[in-house]
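# Results of the structural survey
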Number of protein chains: 4
Amino acid sequence: MPDVSGIAGDKLRSLIERIEKLEAEKKQLGDDIKDIYSEAKRNHFDVPIMKKIVRERRMNKDDLEEQQNLLELYRKAIGMWEDTPLGEYAFADAAE
Amino acid sequence: MPDVSGIAGDKLRSLIERIEKLEAEKKQLGDDIKDIYSEAKRNHFDVPIMKKIVRERRMNKDDLEEQQNLLELYRKAIGMWEDTPLGEYAFADAAE
Amino acid sequence: MPDVSGIAGDKLRSLIERIEKLEAEKKQLGDDIKDIYSEAKRNHFDVPIMKKIVRERRMNKDDLEEQQNLLELYRKAIGMWEDTPLGEYAFADAAE
Amino acid sequence: MPDVSGIAGDKLRSLIERIEKLEAEKKQLGDDIKDIYSEAKRNHFDVPIMKKIVRERRMNKDDLEEQQNLLELYRKAIGMWEDTPLGEYAFADAAE
DNA sequence: CACTGGAAAATGCCGC
DNA sequence: GCGGCATTTTCCAGTG
């Protein structure tokens, strides 16, 4: 759109193009990450579990514990699984 | 949560049970839909295409509302841009 | 589209309409569920935690345990958190 | 996972570290994009509308490929329907 | 600072 | 059983 726009139109178009360029790179990185998960799968790793691990590592440890405590509190409040050993597994669930 | 083992626990359990009931119904509907696709397949219709059609129709329907929102936004913005060609620019891009 | 179609066209349209009807009901249930979560929020419950609870209850307990074990195994394999209290707790839990 | 604490653990750690590196870069790009929107705002552009435009352009781009897939599907199905009015029906619906 | 809407991620499902 | 697609769920930034 060569001459419909004035200065501001050029600026706007420039901004949008810069954004689109960055978004394209961002998408590329997403694809690269997928590739690594594929490689992991080929090496017989469990991909969903790996994703949980990555997420745990990204999370702040204090928040993780706080979540755990709340989860446990809620389980208790509704009397969930009170006669099973599953309560012990609470910690792992917080990360999911 | 105010009171773990008292009234709040009852309320929490009640909420969760209501949710689970609705989720069960929702799942049932999903199964019913699958059944219809099976029936379609038995009648020699091409199921993937049927799904595309259903999807298209849903998208088109959703888009009507979306278009309204978009127009709304544009009208709002035109006040700012009314003495520049930018309004036109935005419209042209959105419609292209 | 009254007379473009023959018998098969009628059948196809009928199938699609039944599907769309069920999908509408399904969507409605989804909205109802959202409403309950809103009510929960108004009652000062932590909605994300509630969702975890609902999910836990939906899951098969054996699968849950299996997941836990794998997660723990992976944490160990990469030496994750081995010098933190959370890590010790998890290790203890896994070993018992 | 073959060998928890041996070579497989090294492989797992390596995969995870590569993923985390890419995620960091990805996050950086997200921040860069935000910066551009900030710049736009400083230049008195309407950011929500810009986002709409970017989104529209991305959708339109995606739709081109989608349309191709759809046509592909339709061509495939036409063999089955070529002596009925159903092909027309599908086309009409998709185009409406 | 809670809420809404939009982007991103995860889950589940389907055909090959 | 694997990869791709669609849906659902989760997350997060902007807004009042």
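Remember, it's a predicted structure, so these values are computed and weren't measured experimentally. (Residues numbered from 1 in each chain as written. Chains lettered and ligands numbered in written order. Predicted model: local features only at pLDDT ≥ 70, side-chain atom pairs only at ≥ 80, totals over all residues. Heavy atoms only, no water.)

### A few points about helix α3 (residues 61-77) of chain A
Inclusion rule: Going along the chain from the N terminus, every DSSP run of H or I of four or more residues is numbered as a helix, and every run of E of two or more is numbered as a strand. Here, expected helix span is obtained from the residue count minus one, scaled by 1.5 Å.
In a regular helix each residue adds 1.5 Å, so 17 residues correspond to 24 Å; α3 of chain A covers 24 Å between its end C-alpha atoms and thus fits that length. The positive-phi residue at the C-terminal boundary of α3 of chain A is Gly79 of chain A, with phi of around 65°.

### Observations regarding the interface of chain D and chain A
What counts, and what does not: Only heavy atoms enter the contact rule, under which two residues are in contact if any of them lie within 4.5 Å. Buried area is a sum: the accessible area each of two parts loses on coming together, probed at 1.4 Å, counted once for each and added. The rule for a salt bridge is simple: a side-chain nitrogen of Lys or Arg has to be within 4 Å of a carboxyl oxygen of Asp or Glu. Polar contacts, as used here, are pairs of N or O atoms within 3.5 Å; protein pairs need one atom able to donate a hydrogen and one able to accept it. Residues neighboring in sequence count only if both atoms are side-chain atoms. Under this grouping Gly is polar, as are all residues other than the nonpolar Ala, Val, Leu, Ile, Met, Phe, Trp, Tyr, Cys and Pro and the charged Asp, Glu, Lys and Arg.
Contacts between chain D and chain A engage 29 residues on the former and 28 residues on the latter. Here chain D and chain A share an interface that buries about 2900 Å² over both sides, 75% of which is from carbon and sulfur atoms. Considering only the surface of chain D that becomes buried against chain A, Ile19, Leu29 and Ile36 of chain D emerge as the three largest contributors, covering 19% of it. Counting across the interface, chain D meets chain A through eight salt bridges. For Glu23 of chain A, the salt bridge is made with Arg58 of chain D, and the minimal N-O distance between the two is 2.8 Å. In this structure, the connection of chain D to chain A is made through eight residue pairs in polar contact (both at pLDDT 80 or more). The dominant element in the side of chain D that touches chain A, judged by the number of residues it contributes, is helix α1 (residues 7-42) of chain D, at 21 residues. Across the side of chain D that touches chain A, the residue classes break down as 16 nonpolar, two polar and eleven charged.

### Observations regarding the protein's contact with DNA strand E
Defined as follows: Nearness here has a simple test: a residue counts as near a molecule or strand if at least one of its heavy atoms is within 4 Å of that partner.
Around DNA strand E, the structure places Lys26, Lys51 and Lys52 of chain A, Lys34, Lys41 and Lys51 of chain B, Lys41 and Arg55 of chain C together with Lys26, Lys52, Arg55 and Arg58 of chain D. Here DNA strand E approaches the protein such that, of its atoms within 4 Å, sugar and phosphate make up 100%. Side-chain polar atom of Lys41 of chain C to a phosphate oxygen of DNA strand E: 3.5 Å apart, as the coordinates give it. One of the side-chain N or O atoms of Lys26 of chain D is found 2.5 Å from a phosphate oxygen in DNA strand E. When residues of the surface near DNA strand E are traced back to their parent elements, those giving at least two are α2 (47-58) of chain A, α1 (7-42) of chain B together with α2 (47-81) of chain D. At three residues, the largest contribution of residues to the surface near DNA strand E is made by α2 of chain D. Within the surface near DNA strand E, the residues separate by chemical class into no nonpolar, no polar and twelve charged.

### Thoughts on the nonpolar core
Put simply, the rule reads: Among buried residues, those of type Ala, Val, Leu, Ile, Met, Phe, Trp, Tyr and Cys that are joined through side-chain atoms within 4.5 Å constitute a nonpolar core. Exposed residues in this analysis have more than 50% of their type's maximum accessible area, buried residues have under 20%, and partly exposed residues fall in between, with area computed by a 1.4 Å probe over protein chains only.
Judged by nonpolar contacts, the single largest core of 42 residues is most densely connected at Met50 and Ile53 of chain A, Tyr74 of chain C together with Leu12 and Met50 of chain D. The contact partners of Met50 of chain D, leaving out residues within four places of it in the chain, are Leu12, Leu15, Ile16 and Ile19 of chain A together with Tyr37, Ala40 and Phe45 of chain D. Counting 40 residues, the second largest nonpolar core, distinct from the first, contains Ile33, Ala40 and Met50 of chain B together with Leu29 of chain C.

### Re the packing of α3 of chain A against helix α2 (residues 47-58) of chain C
Heads up, the rule is: Between N-to-C directions, angles cover 0 to 180 degrees, with each direction set by a line fitted to C-alpha atoms, over the stretch in contact for helices. Each angle is binned into one of four classes, with values under 35 degrees roughly parallel, values over 145 roughly antiparallel, values of 65 to 115 roughly perpendicular, and all other values oblique. With the far helix as reference, a near helix turned anticlockwise by less than a right angle produces a left-handed crossing, and one turned clockwise produces a right-handed crossing.
As a packed pair, α3 of chain A and α2 of chain C sit with axes 10 Å apart at the nearest point and diverge in direction by 60°. Classified by the interaxial angle, the pair formed by α3 of chain A and α2 of chain C is oblique. Here α3 of chain A and α2 of chain C pass one another in a crossing that is right-handed. Here Gln67, Leu70, Leu71, Tyr74 and Arg75 of chain A of α3 of chain A lie close against α2 of chain C, whose contacting residues are Ile49, Met50, Lys52, Ile53 and Glu56 of chain C. Looking at side-chain class alone, the contact of α3 of chain A with α2 of chain C contains six nonpolar, one polar and three charged residues.

### Overview of α2 of chain A
Owing to its 3.6 residues per turn, the α-helix brings residues three or four apart onto one side. Residue and element names in this part refer to chain A. Compared with an ideal rise of 1.5 Å per residue, which puts twelve residues at 16 Å, α2 spans 17 Å between its outermost C-alpha atoms and is within 8% of the ideal. When we look at burial in α2, the residues that qualify are Val47, Ile49, Met50, Lys52, Ile53, Val54 and Glu56. Looking at where α2 begins, the residue whose side-chain oxygen comes 3.1 Å from the main-chain nitrogen of Ile49 is Asp46.

### Points about the protein's contact with DNA strand F
Close contacts around DNA strand F come from Lys41 and Arg55 of chain A, Lys52, Arg55 and Arg58 of chain B, Lys26 and Lys51 of chain C together with Lys34 and Lys41 of chain D, and that covers them all. Within the side chain of Lys52 of chain B, a nitrogen or oxygen atom sits 3.5 Å from a phosphate oxygen of DNA strand F. Within the side chain of Lys26 of chain C, one N or O atom sits 3.1 Å away from a phosphate oxygen of DNA strand F. Going through the elements one at a time, α2 (47-81) of chain B together with α1 of chain D are the ones with two or more residues in the surface near DNA strand F. Looking at which element gives the most residues to the surface near DNA strand F, the answer is α2 of chain B, with three residues. A per-class count over the surface near DNA strand F returns no nonpolar, no polar and nine charged.

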